[in-house]
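What follows is each chain in one-letter form.
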Amino acid sequence: MNAEEIVSKILYRDALMLVIDKPAGLPVHPGPKGGETLFHHLDALRFGLPRRPETVHRLDKDTSGCLVLGRHAKALARLNELFKKNEIDKVYWAVVEGGPEGEEGEIDLPLAPKSPDRGWWMKVDAKGQPSLTKWRVLGRAPSPEEGGQRFTLLELRPITGRTHQLRVHCAASGFPILGDPIYGTAPRFGGPGLHLHARSITVPLYPKKAPITVEAPVPAHMQEEVNLLMKR
């Protein structure tokens with residue numbers, strides 16, 4: 001990505017905060033394998049300020065959608081406080097294989113690292129950290145009468161923010177996210193792409209003003225499935 005492309009991903013901007021539409025496949029931070037990351041493009045988002053903005057939460061490399069950045073130290077302190085107090089509402093959309101039986105519910109499964117050498121690789125563990133996800137069905141296809149492989153579009157709200165929480169919770173509940181090569185059925189290479197999108201975020205940034213809600217458009221690799229499922 002170049003500077004113009006990263007600027008074009010801005011969904012919201014004010015004196016304290018930026019919200020960008022992070023593309024799927026772009027890591028937020030540098031990793032041991034190197035390569036392009038969002039970190040390398042943050043100077044393009046300064047807009048006259050002396051320091052580059054910083055992210056205040058995580059999105060997986062293959063997850064697209066709303067990502068919040070604080071523009072300076074005061075903004076970062078305020079945003080970090082809101083995230084710590086769980087006052088920010090995050091909504092994800094996921095296309096899953098199969099799907100839950102009901103129309104809405106909760107997944108309450110504690111999570112812990114699967115391997116001490118790879119802290120990002122998570123598993124359900126009774127001794128792990130409490131982890132809670134709320135879900136709601138937005139659409140299903142095909143119907144049981146139509147036959148064929150069933151897919152469901154879910155709205156997911158992570159009440160806690162554990163690593164890979166939504167991916168592990170869905171897989172452990174019997175409906176892995178489409179395109180997930182780690183916890184689901186997708187191949188490591190050449191799959192359909194992870195169908196998990198940070199659809200919207202609501203931030204009560206200013207105490208005397210209404211919360212700010214920002215929505216990210218559905219990414220190209222999910223549009224066909226989402227359009228089909230939303231019609232059901």
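Our subject is the structure listed above.
On a predicted model such as this, the values are computed, not experimentally measured, just so you know.

**What about the overall build of the protein?**
Step number 1: The secondary structure content of the protein amounts to four helices and twelve strands.
Step number 2: Taking 232 residues into account, the globule formula puts the C-alpha radius of gyration at 17 Å, and the protein, at 18 Å, falls close to it.
Step number 3: With the C-alpha coordinates of the protein rotated into their principal frame, the extents come out at 60 × 40 × 40 Å.
Step number 4: When the 232 residues of the protein are sorted by exposure, 45% land in the buried category.
Step number 5: Sequence-distant contacts in the protein: of pairs separated by 6 or more residues, those separated by 24 or more amount to 63%.
Step number 6: If you sum the accessible surface of the protein, you get close to 12000 Å²; carbon and sulfur atoms cover 52% of it.
Step number 7: Seen as two clouds, the 32 positive and the 27 negative side-chain charges of the protein have centres 7 Å apart.

**Quick word on helix α3 (residues 165-172)**
Step number 1: In terms of burial, α3 is a largely internal element, six of the eight residues being buried.
Step number 2: Those residues of α3 lying buried are Q165, L166, R167, V168, H169 and C170.
Step number 3: Once α3 finishes, G174 follows within two positions and takes phi at roughly 95 degrees, a positive value.

**Observations concerning the pattern of salt bridges**
Step number 1: Across all of its chains, the model carries eleven salt bridges by this definition.
Step number 2: Of the charged contacts, one joins R51 and E54 as a salt bridge, the two residues approaching to 2.4 Å between their closest N and O atoms.
Step number 3: Judged by relative accessible area, which is 30%, R51 ranks as partly exposed.
Step number 4: Overall, E54 belongs to the partly exposed group, its relative accessible area being 35%.
Step number 5: Residue R78 pairs with E81 through a salt bridge whose shortest N-O separation is 3.5 Å.

**Some words on the state of the cysteines**
Step number 1: Taken as a whole and judged by the stated rule, the model has zero disulfides.
Step number 2: Of the cysteine sulfurs around C170, a residue in no disulfide, the closest is that of C66, at 18 Å.

**Structural notes on the layout of surface pockets**
Step number 1: Estimated volume of the largest pocket: approximately 1200 Å³.
Step number 2: P27, K61, D62, W120 and I182 are the residues nearest the centre of the largest pocket, which is lined by 32 residues in total.
Step number 3: In this structure, the second largest pocket spans a volume of roughly 550 Å³.
Step number 4: Taken together, 25 residues make up the lining of the second largest pocket; nearest its centre are R58, K90, T160, G161 and R162.
Step number 5: For the lining of the second largest pocket, the elements supplying multiple residues, two or more each, are α2 (73-84), β5 (89-97) and α3.
Step number 6: If one sorts the elements of the lining of the second largest pocket by residue count, α3 sits on top with three residues.

**A word on the pairing of strand β1 (residues 10-13)**
Step number 1: In terms of strand pairing, β1 meets strand β2 (residues 17-22) through three bridges, oriented antiparallel. The residue of β2 that forms the bridge with R13 is L18.
Step number 2: Hairpin connection of β1 to β2: three residues between the antiparallel strands.

**Digging into the environment of E103**
Step number 1: Within the fold, E103 resides in the loop between β5 and β6 (104-108).
Step number 2: For E103, a relative accessible area of 47% corresponds to the partly exposed category.
Step number 3: When the C-alpha atoms of E103 and G191 are compared, they prove to be 28 Å apart, with 88 residues separating the residues in sequence.
Step number 4: With sequence-adjacent residues up to four places away left out, E103 is seen in contact with W135, R136, V137 and R140.

**Things to note about the nonpolar core**
Step number 1: In this structure, M17, L38, L156, L196, I201, V203 and L205 are the most contacted members of the largest nonpolar core, which totals 44 residues.
Step number 2: Per-element accounting of this core gives the leading share, five residues, to α2.
Step number 3: In this view, L38 contacts I6, I20, L26, P27, V28, T55 and L67; residues no more than four positions away in its chain are not counted.
Step number 4: Of all hydrophobic cores here, the second largest spans eleven residues; its members include V91, L138, L153 and L178.

The rules behind these values
Sequence positions are assigned chain by chain, starting from 1 and proceeding in written order. Local features in a predicted model are, by the rule used here, given only for residues with pLDDT of at least 70; side-chain atom pairs are given and counted only at 80 or more, and totals for whole chains, interfaces and linings are based on all residues. Hydrogen atoms and water are omitted, and side-chain values are computed over all heavy atoms in the structure. A run of DSSP states H or I qualifies as a helix once it reaches four residues; a run of E qualifies as a strand once it reaches two. Both are numbered from the N-terminal end. Taken over C-alpha atoms, the radius of gyration is set against a globule rule of 2.2 Å times the number of residues to the power 0.38. Using a 1.4 Å probe on the protein chains alone, a residue whose accessible area is under 20% of its type maximum counts as buried, one over 50% counts as exposed, and one in between counts as partly exposed. In what follows, residue pairs with any heavy atoms lying within 4.5 Å of each other are defined as contacts. Accessible areas in this description were obtained via Shrake-Rupley with a 1.4 Å probe; residue shielding takes into account the shown protein chains only. Charged-residue counts in this description rest on Lys and Arg as positive and Asp and Glu as negative, His and the chain ends being excluded. Charge placement uses NZ in Lys and CZ in Arg. For Asp and Glu, CG and CD serve respectively. Salt bridges are defined by distance alone: a side-chain nitrogen of Lys or Arg within 4 Å of a carboxyl oxygen of Asp or Glu. Note on disulfides: each one is a pair of cysteine sulfur atoms within 2.5 Å. Throughout, the protein atoms alone are placed on a 1 Å grid, and a set of points is a cavity if a 1.4 Å probe fits but cannot get out or a pocket if it is open with protein on both sides within 12 Å along at least five of seven lines; lining residues have an atom within 4 Å of a point. Grid points are joined across faces, edges and corners, and a volume is the space filled by probe spheres set on the points. Strand pairing is assigned whenever DSSP identifies at least 2 bridges connecting the two strands. In this text, buried Ala, Val, Leu, Ile, Met, Phe, Trp, Tyr and Cys residues form a nonpolar core when linked through side-chain atoms within 4.5 Å.

The values are spatial; any link to function lies outside them.
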